[in-house]
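Coordinate inspection notes
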Amino acid sequence: LVPLDFSPAAEAALAPALALARCGAGQIVLAHVVELGAAGPGPAPPALARPTDLSAAGAAAAAAAHRRLEEIGRAATGEAVPWTAEVDAGTPAYRRLLDLARRHRTTLIVLTSHGRTADEAVPLGATTERLVTTAPCPVLVVPAGRARPE
């Protein structure tokens, strides 16, 4: 499972996830959570504004997120690794990601230390920290901004 908030920092998790999937004949689930009603400290991209429910605005945000995941999946994986795109909605994001991990029987979550709301003063972003401490599987944390495993 590779959670993405569509920030460049979050997308740095793709390269290590792909490398691991290729080595182990794995599959990748690209995931995004539309956070309902959560303002958050940073502005969301206009196409992915945070609606308060899954009415028309929520459905539009989920559809836009799914299209973006599809674009990322095609560009990053091509035919090399089987992948799927999943969009969920709710708050907090980490709980929705835990639900996706359980639903897909995920064996590894790969994400960056910080995403869109990066705060360099803390070692891990809030969502990453919650996933590390509560996930039903191992979590690989890639330092934000590192595009390739060394």
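In what follows, the structure referred to is the one given above.
Bear in mind the structure is a predicted one, so any value in this text is a computation, not a measurement.

**Digging into the pairing of strand β4 (residues 109-112)**
Here β4 shows no split at all, with I109 and L111 on one side and V110 and T112 on the other all buried. Examined bridge by bridge, β4 and strand β5 (residues 139-142) share four bridges and lie parallel to one another. Across the sheet, the residue bridging to V110 is L140, located in β5.

**Quick look at the pairing of strand β2 (residues 28-34)**
Of all seven residues that make up β2, seven are buried, and the element is covered over most of its length. In β2, alternate side chains face the same way, and those of I28, L30, H32 and V34 on one face and V29, A31 and V33 on the other are all buried. Looking at chain direction, strand β1 (residues 2-3) and β2 are connected through two bridges and run parallel. What sits directly across from P3, in β2, is A31. In the sheet, β2 pairs with strand β3 (residues 83-89) via seven bridges, with the strands oriented parallel.

**Some remarks on the side chain of T77**
As for its position among the elements, T77 is in helix α3 (residues 56-77). Classification of T77 as buried rests on a relative accessible area of 7%. Reaching out from T77, the side chain makes a polar contact with the backbone oxygen of G73 at a distance of 2.6 Å. Here W83 takes part through its side chain, which lies 2.8 Å from a polar atom of the side chain of T77. Filtering out sequence-adjacent residues up to four positions away, T77 remains in contact with L18, I72 and W83.

**Describing the nonpolar core**
Across soluble globular proteins, you tend to see nonpolar side chains buried next to one another. V2, L4, I28 and L30 are the most contacted members of the largest nonpolar core, which has 21 residues in total. What L4 contacts, discounting residues up to four positions off in sequence, is A10, E11, L14, L30, A31, H32, L69 and I72. Judged by nonpolar contacts, the second largest core, of 15 residues, contains L1, A93, Y94 and A101.

**Notes on the packing of helix α4 (residues 93-103) against helix α5 (residues 126-134)**
Helix packing for two helices is described by the angle between their axes and how far apart those axes are. Remark: α4 packs on α5, axes separated minimally by 9 Å, with the N-to-C direction vectors making an angle of 40°. In terms of orientation, α4 and α5 fall into the oblique class. Regarding α4 and α5, the two cross each other, and that crossing is right-handed. Along the contact surface, α4 presents A93, Y94, L97, L98 and R102, while α5 presents T127, R130, L131 and T134. Of the residues contributing to the contact of α4 with α5, the split by class is five nonpolar, two polar and two charged.

Rules used in this analysis
- Residues numbered from 1 in each chain as written.
- Predicted model: local features only at pLDDT ≥ 70, side-chain atom pairs only at ≥ 80, totals over all residues.
- Heavy atoms only, no water.
- Buried < 20%, exposed > 50% of the residue type's maximum accessible area, 1.4 Å probe, protein only.
- Helix = DSSP H or I, 4+ residues; strand = E, 2+ residues; numbered from the N terminus.
- Pairing = 2+ DSSP bridges.
- Polar contact = N/O pair within 3.5 Å; in protein donor to acceptor, adjacent residues only side chain to side chain.
- Contact = heavy atoms within 4.5 Å.
- Core = buried A, V, L, I, M, F, W, Y, C linked by side-chain atoms within 4.5 Å.
- Axes fitted to C-alpha atoms, helices over the stretch in contact; angles between N-to-C directions.
- Parallel < 35°, antiparallel > 145°, perpendicular 65-115°, else oblique.
- Left-handed = near helix turned anticlockwise from the far one by under 90°.
- Nonpolar A, V, L, I, M, F, W, Y, C, P; charged D, E, K, R; others polar.

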